Amino acid sequence: WGTVMQANSKVAQRYAKACFEFLGSDKKVQCVLDELSRFEALVAESVELRQALFSRVFSRVKRTQIVSDLSTKMSLSPDTIRLLSVISEMGRLRLLKQMIEQLRRMMFERAGAMPIQIRAASLLETADRDLVVKKFTELLGRKVEPSFTLDSSLMGGIKVTAGGRTYDGSITGMVDSMKETLIGGSA
């Protein structure tokens, strides 16, 4: 299963890179990113739409037609419509979320920034958000582009992922670390 996920990630990365190079300007890439995100959110919230686009009940031609019709109704730009059409025709629509993430990462890299994901057990105040961003800007030595999400499984604190590394300052992480120390120490 891990091999399939890696392969899909590489395919998504190739599509994102081709799109990034084709579009060229940051303004065009940002426009397409915003529109792809809207399209992906619409698909994510509709069970019927997901079934129509991802099941084998409809032919690839019919699925591509659905994408085209939906894109037109959403008033998407010609670049986004063209990209969605190609992705659909190639049977890669399932990778859209990964492609969006890769495009976003490429935009950050071009701007000299690093995306960081900050998961918190509860909603962070603006001052706390700013402090986390400041600390990680200093730690990583470059500008960061944060995204904040709530994660109730953390019990308290935060968990930050940046550059493929996770910094765990959550209560759950501390408890897990203590368990590991106690179990390792008793052997």
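Above this note sits the structure.
For the structure given in this document, a descriptive report is provided here. Values in this document were obtained by computation on a predicted structure and should not be read as measured data.

1. Quick word on the nonpolar core
Part 1 of the reasoning: Counting residues in hydrophobic clusters, the biggest one holds 32 residues, and the most contacted among them are Leu36, Phe39, Leu84 and Leu103.
Part 2 of the reasoning: Elements that contribute at least two residues to this core include exactly α1 (2-23), α2 (26-45), α3 (47-54), α4 (60-73), α5 (78-89) and α6 (96-110).
Part 3 of the reasoning: At 7 residues, α1 tops the list of elements feeding residues into this core.
Part 4 of the reasoning: Leaving out residues up to four positions away in the same chain, Phe39 has contacts with Val67, Leu70, Ser71, Met74, Leu76, Leu84 and Leu96.

2. Side note on the pairing of strand β3 (residues 157-162)
Part 1 of the reasoning: Side chains Ile158, Val160 and Ala162 project from β3 onto a buried face, and the interleaved Gly157, Lys159 and Thr161 project onto a face without burial.
Part 2 of the reasoning: Here strand β1 (residues 113-120) runs beside β3; their pairing, made up of 5 bridges, is antiparallel. Residue pairing across strands places Ile118 opposite Val160, the latter belonging to β3.
Part 3 of the reasoning: Here β3 runs beside strand β4 (residues 165-170); their pairing, made up of 6 bridges, is antiparallel. Bridging across to β4, Gly157 finds its partner in Ser170.

3. Examining the state of the cysteines
Part 1 of the reasoning: Applying the stated criterion across every chain, the model contains 0 disulfides.
Part 2 of the reasoning: No disulfide involves Cys19; its sulfur sits 11 Å from the nearest other cysteine sulfur, which is in Cys31.

4. Describing the sheet that holds strand β2 (residues 143-150)
Part 1 of the reasoning: Taken together, 4 strands build an open sheet; the order of strands is β2-β1-β3-β4 and the sheet is mixed. Each of the sheet's edge strands pairs with one partner strand only, and the pair in question is β2 and β4. Each strand of the sheet is rotated relative to its neighbour by a mean of 20°, with strand direction disregarded.
Part 2 of the reasoning: With 8 bridges joining them, β1 and β2 adopt parallel strand pairing. By the bridge assignment, Ala113 is partnered in β2 with Lys143.

5. Re the packing of α4 against α5
Part 1 of the reasoning: Their axes nearest at 9 Å, the elements α4 and α5 cross at an angle of 160°. Compared by their axis directions, α4 and α5 come out roughly antiparallel. In this structure, α4 crosses over α5, and the sense of that crossing is right-handed. In contact with Arg60, Arg63, Thr64, Val67 and Ser71 of α4, α5 contributes Ile81, Leu84, Ser85, Ser88 and Glu89.
Part 2 of the reasoning: Counted by class, the contact of α4 with α5 contains 3 nonpolar, 4 polar and 3 charged residues.

6. Things to note about α4
Part 1 of the reasoning: In this model α4 runs 20 Å from its N-terminal to its C-terminal C-alpha over 14 residues, within 8% of the 20 Å that 1.5 Å per residue would give.
Part 2 of the reasoning: All of the buried residues in α4 are Arg63, Thr64, Ile66, Val67, Leu70 and Ser71. The buried residues of α4 occupy one face: seen down the axis, they fall within an arc of 155°. Exposed side of α4, more than 90 degrees from the buried face: Val61, Thr72 and Lys73 are the residues found there.
Part 3 of the reasoning: Buried-residue contacts for α4 involve α2, α3 and α5.

Cut-offs applied
Residues numbered from 1 in each chain as written. Predicted model: local features only at pLDDT ≥ 70, side-chain atom pairs only at ≥ 80, totals over all residues. Heavy atoms only, no water. Core = buried A, V, L, I, M, F, W, Y, C linked by side-chain atoms within 4.5 Å. Buried < 20%, exposed > 50% of the residue type's maximum accessible area, 1.4 Å probe, protein only. Helix = DSSP H or I, 4+ residues; strand = E, 2+ residues; numbered from the N terminus. Contact = heavy atoms within 4.5 Å. Pairing = 2+ DSSP bridges. Disulfide = S-S within 2.5 Å. Axes fitted to C-alpha atoms, helices over the stretch in contact; angles between N-to-C directions. Parallel < 35°, antiparallel > 145°, perpendicular 65-115°, else oblique. Left-handed = near helix turned anticlockwise from the far one by under 90°. Nonpolar A, V, L, I, M, F, W, Y, C, P; charged D, E, K, R; others polar. Expected span 1.5 Å × (residues − 1). Arc of directions from axis to C-beta.

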